[in-house]
Amino acid sequence: MGIVLGSLCCAAAARVLAGTEAGPDPYAPSGPWVFAGALLVAGSALLGRGVGRRLAARRLHAGPQPALLVGVRSAPSGHLWLYPDAVGRPGTPLIAYSALSRNSRAGQRLLVTATEHTLRTRHHDVHRGSEPVEAVLYGPVYEGAEVVVECAVHEGSTRLVTHVTAAPLLARRRHGLRSWSPSGSSFRLTVREQERQDRERRAGQGRRPEGSRGSGTAAGGCGGGGCGGCGCG
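Summary of the structure given here. Since this is a predicted model, take the numbers as computed values, not measurements.

**Regarding the nonpolar core**
Inference 1: Counting 15 residues, the largest nonpolar core has V72, L82, Y97 and V149 as the members making the most contacts within it.
Inference 2: Of all the secondary structure elements, the ones that give two or more residues to this core are β1 (67–74), β2 (80–83), β3 (95–97), β5 (133–138), β6 (146–155) and β7 (159–170).

Structure below.
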């Protein structure tokens, strides 16, 4: 865009200068000369800036892209925030991007295949809103830069595949994310275990003998799920 506008301004300045008759003093300032000079200055600046950007873009696409190991975490707003890494708790969110479905692709490359228990134990999944996941960032890191983020996701129960997203980095200042701590275990397996304990607790409450109905809420709340679910000692 800068190249086009700069070229038009320079061409307009040339036409003005070509159609202006020189007076007794050709260097004396006049309306057409001043207007042509302003067009020439603006056009040269736009043209030089546009050519510089075009050359920089060519060098960026021709050369190797920087790759960084980062953490990615979901914010309540729906944006994804980049962390310095996915391990260090003191790390704070740095910059955000929006993961649009049309810019995301999953399953392009198979990473690992194993049984579900082995896969989720050795490469455990996490809740992205609670803690960041590890990812590789390709491209320069600054507001407005187009980057590619690649991470591993579980496809089904036995496959670990890549998930790639291309998006521009956004100029956002508020993330709304709280501090986090690593879970160290599979989020999906933890949810399943909690659901199992809830079912057992409900089943135990339904099998209470007649004489235990008036024995108090603490005894009834534990049931078959153990005391961990109701908080008693």
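**Focus on the pairing of β2**
Inference 1: With burial as the criterion, each face of β2 is covered, one bearing L80 and L82 and the other bearing W81 and Y83.
Inference 2: Relative to β2, β1 runs antiparallel, the two sharing four bridges. When the sheet's bridge partners are listed, R73 is paired in β2 with W81.
Inference 3: From the end of β1 to the start of β2, which pair antiparallel, there are five residues, and G78 there has a positive phi angle of about 100 degrees.
Inference 4: Note: β2 against β3, three bridges, orientation antiparallel. Bridging from a neighbouring strand, W81 pairs with A96 of β3.

**Section: the pairing of β1**
Inference 1: Relative to β5, β1 runs antiparallel, the two being bridged by six bridges. Counterpart to V72 in the pairing with β5 is V133.

Here is what the cut-offs are and how they apply
- Residues numbered from 1 in each chain as written.
- Predicted model: local features only at pLDDT ≥ 70, side-chain atom pairs only at ≥ 80, totals over all residues.
- Heavy atoms only, no water.
- Core = buried A, V, L, I, M, F, W, Y, C linked by side-chain atoms within 4.5 Å.
- Buried < 20%, exposed > 50% of the residue type's maximum accessible area, 1.4 Å probe, protein only.
- Helix = DSSP H or I, 4+ residues; strand = E, 2+ residues; numbered from the N terminus.
- Pairing = 2+ DSSP bridges.

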